[in-house]
Amino acid sequence: MSRIRAGELDVHVQRLTPEVPLDGDAPIVVCVHGLLTDSLASYYFTLGPAFAERGLDVLMYDLRGHGRTTRPESGYHLERFVDDLVAVLDASDVTRPVHVVGNSFGASVAFGLAAARPDRVASVVVIEGEPPTGEWTRHMADGLADAKTRLAIDEVIGWIADNHGAHTARLSKAANKILQTTTIAEDIPRSATIAADLSAVRCPVFAVFGGDSGLSAQVPHFETHLESCRCVVLPDQGHSVLVERTAEVIELIFGWVRDTARTQARVR
Amino acid sequence: MSIETTATDEATVLAQLSGMLRELLEEYGLDDAEITMDTTFHDDLELESVDLVALSGQLREHYGDRVNFATFIAERDLDEIIALTVGELVRYTVASLRATA
């Protein structure tokens with residue numbers, strides 16, 4: 001299996017390298033998935049193969065505690081996820097700045113990397129996510145505490161099975177397991193944060209939101225505070241943008257990475 | 001009609017895939033599961049999508065570029081992936097190996 005050693009973890013990684021690199025020098029796209037029920041499969045079954053086909057070098061990995069990566073009992077602060085990402089890049093011999101695509105919580109990791117290690121990041125691509133500000137820690141504290149309480153109740157899992165199907169119920173059980181056996185729900189709200197003015201983020205940012213999810217309310221804040229930012233809101237769409245609007249997301253993000261990489265190559 | 005004795009017949013590939021699946025299942029303590037052509041990855045083996053990704057890595061190690069699991073998956077949506085049987089993957093693998101033999 002494709003595992004690499006990154007610090008204390010055995011990390012499950014999948015890399016799809018293009019047969020024909022875009023512009024002769026494939027931009028590297030690193031994909032960071034969301035919390036609890038998510039894994040690198042969300043990318044492997046959506047934009048990963050499509051990007052490689054179009055000439056991008058795609059690196060996907062399972063976050064600590066998720067998928068087939070080691071699950072430590074503690075150490076789930078955002079900065080640990082950022083350190084893991086740097087370790088994955090180092091272990092994969094990726095030295096060039098990368099385009100970091102983050103879905104949901106993955107976007108917070110991507111912003112965290114851009115703030116902590118601007119030298120490693122060419123651009124940040126946000127899919128339905130938030131920068132790790134103080135407000136974000138409060139959202140996460142509420143959401144995680146609520147999930148930890150509810151998912152432990154058998155009737156809730158039964159309700160999920162009846163209303164959302166057996167597959168979702170099984171994912172919810174898996175989410176409950178990581179919530180009950182690790183300190184993730186307590187650690188994430190205590191993460192290091194960046195200032196709400198987003199001044200720590202200097203790289204170009206591309207953000208895709210679902211119009212119905214609530215997170216699209218950040219668009220004016222992004223456009224006011226980020227130095228270089230483009231936002232797209234997909235109407236009539238909730239949080240599951242990556243899975244439910246895959247074709248559009250592929251077009252949008254591929255176009256962004258291609259154009260940003262070409263602009264940066266000219267500047268260098 | 002002659003009997004297939006090369007590595008490209010379904011029984012041989014099923015045996016090879018079963019070995020890879022047992023390795024994956026070992027981590028969940030389920031390595032004694034019976035695996036046939038009709039076994040489904042999700043309902044019978046309780047594998048999640050990320051386990052199928054890991055399986056693709058093993059396929060690549062075993063068969064090299066001759067079996068492209070990423071392409072196989074890219075042609076299917078999530079519901080079809082969930083309903084996937086071992087037999088479907090065996091037949092795809094056999095077809096890929098024969099095409100590149």
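Everything discussed here concerns the structure shown above.
On a predicted model such as this, the values are computed, not experimentally measured, just so you know. (Residues numbered from 1 in each chain as written. Chains lettered and ligands numbered in written order. Predicted model: local features only at pLDDT ≥ 70, side-chain atom pairs only at ≥ 80, totals over all residues.)

> An account of the overall build of chain A is needed here, citing residue identities and associated values.
Across its full length, chain A holds eleven helices and eight strands. For a compact globule of 268 residues, the expected C-alpha radius of gyration is about 18 Å, and chain A comes in at 18 Å, within 12% of that figure. Projecting the C-alpha coordinates of chain A onto the three principal axes gives extents of approximately 55 × 45 × 35 Å. Counting the 268 residues in chain A, one finds 44% classified as buried. Counting only contacts in chain A whose residues sit at least 6 apart along the sequence, the fraction spanning at least 24 positions is 72%. (Helix = DSSP H or I, 4+ residues; strand = E, 2+ residues; numbered from the N terminus. Rg over C-alpha atoms; globule rule 2.2 N^0.38 Å. Buried ≥ 20, exposed ≤ 12 C-beta atoms within 10 Å, placed from the backbone. Contact = placed C-beta atoms within 7 Å.)

> Lay out the overall build of chain B with the relevant residues and their values.
In terms of regular secondary structure, chain B is built from five helices and zero strands. Beginning at the N terminus, the succession of helices and strands in chain B can be written as α-α-α-α-α. At 13 Å, chain B has a C-alpha radius of gyration in line with the 13 Å of a compact globule built from 101 residues. Projected onto its principal axes, the C-alpha coordinates of chain B cover approximately 40 × 30 × 25 Å. Sequence separation of at least 24 residues holds for 74% of the intrachain contacts in chain B that already meet a minimum separation of 6.

> Please provide a residue-by-residue account of the pairing of strand β4 (residues 57-61) of chain A, values included.
All names here are of chain A. Most of β4 is tucked away: five of the five residues are buried. By the alternation rule, side chains of β4 split into Asp 57, Leu 59 and Tyr 61 and Val 58 and Met 60, which are all buried. Where strand β2 (residues 9-16) lies against β4, four bridges are found, and the strand directions are antiparallel. Bridged to Gln 14 within β4 is Met 60. Relative to β4, strand β3 (residues 28-32) runs parallel, the two sharing four bridges. Bridge pairing in β4 links Val 29 to Val 58. (Pairing = 2+ DSSP bridges.)

> Lay out the interface of chain B and chain A in plain terms, naming residues and giving numbers.
Of the residues lining the interface, 13 residues belong to chain B; the matching set on chain A comes to 16 residues. Contributing elements (two or more residues each) for the side of chain B that touches chain A: α2 (49-63), α3 (69-74) and α4 (78-82) of chain B. Tallying contributions element by element places α2 of chain B first for the side of chain B that touches chain A, with six residues. Residue classes in the side of chain B that touches chain A are distributed as nine nonpolar, four polar and no charged. (Nonpolar A, V, L, I, M, F, W, Y, C, P; charged D, E, K, R; others polar.)

> Let's hear about the sheet that holds β4 of chain A: which residues, and what values?
Residue and element names in this part refer to chain A. The strand order across the open sheet built from eight strands is β1-β2-β4-β3-β5-β6-β7-β8, with neighbouring strands paired in mixed fashion. Where the open sheet ends on each side, the last strands, each with one partner, are β1 (3-6) and β8 (229-234). Across the sheet, the mean angle separating the axes of adjacent strands is 25° when strand polarity is ignored. Running at roughly 120° to β1, helix α3 (residues 78-91) makes contact with β1, β2, β3, β4 and β5 (98-103) of the sheet. (Axes fitted to C-alpha atoms, helices over the stretch in contact; angles between N-to-C directions.)

> Residue-level account of helix α5 (residues 86-99) of chain B, with values.
In this model α5 of chain B runs 20 Å from its N-terminal to its C-terminal C-alpha over 14 residues, within 8% of the 20 Å that 1.5 Å per residue would give. The elements touched by buried residues of α5 of chain B are α1 (10-26) of chain B. (Expected span 1.5 Å × (residues − 1).)

> Tell me about α3 of chain A, and please be specific about residues and values.
Residues and elements named next belong to chain A. An ideal rise of 1.5 Å per residue puts 20 Å on 14 residues; α3 measures up with 20 Å between its terminal C-alpha atoms. Those residues of α3 that sit buried are Leu 78, Arg 80, Phe 81, Val 82, Asp 84, Leu 85, Val 88 and Leu 89. Buried residues along α3 sit against β1, β2, β3, β4, β5 and α4 (105-116). Following α3 by one or two positions, Asp 93 has its phi on the positive side, about 55°.

> Tell me about the nonpolar core, and please be specific about residues and values.
All names here are of chain A. Formed by 97 residues in total, the largest nonpolar core has its most connected members in Val 29, Val 100, Ala 110 and Val 124. Counting residues per element, this core draws most heavily on α4, at eight residues. Among all residues touching Val 29, those that are not within four sequence positions of it are Phe 51, Leu 56, Asp 57, Val 58, Val 98, His 99, Val 101 and Val 257. (Core = buried A, V, L, I, M, F, W, Y, C linked by C-beta atoms within 7 Å.)

> Explain the packing of α3 of chain A against α4 of chain A to me, using residue names and the numbers behind them.
Residue and element names in this part refer to chain A. Viewed as axis vectors pointing N to C, α3 and α4 meet at an angle of 75°, and their least axial separation amounts to 9 Å. Relative to α4, the element α3 lies roughly perpendicular. Residues Leu 78, Glu 79, Phe 81, Val 82 and Leu 85 of α3 form the contact with α4, whose own contacting residues are Ser 108, Val 109, Gly 112, Leu 113 and Ala 116. Of the residues in the contact of α3 with α4, the class split is seven nonpolar, two polar and one charged. (Parallel < 35°, antiparallel > 145°, perpendicular 65-115°, else oblique.)

> Tell me about the pairing of β8 of chain A, and please be specific about residues and values.
Looking at chain direction, strand β7 (residues 205-210) of chain A and β8 of chain A are connected through six bridges and run parallel. Along β8 of chain A, the bridge assignment pairs Ala 207 of chain A with Cys 231 of chain A.

> Can you explain the environment of Ala 161 of chain A? Please cite residues and give values.
All names here are of chain A. Here Ala 161 shows up in helix α6 (residues 154-164). In this structure the C-alpha to C-alpha distance between Ala 161 and Ser 172, which are eleven residues apart in sequence, comes to 9.4 Å. In contact with Ala 161, other than residues within four places in its own chain, are Ala 166 and Ala 169.

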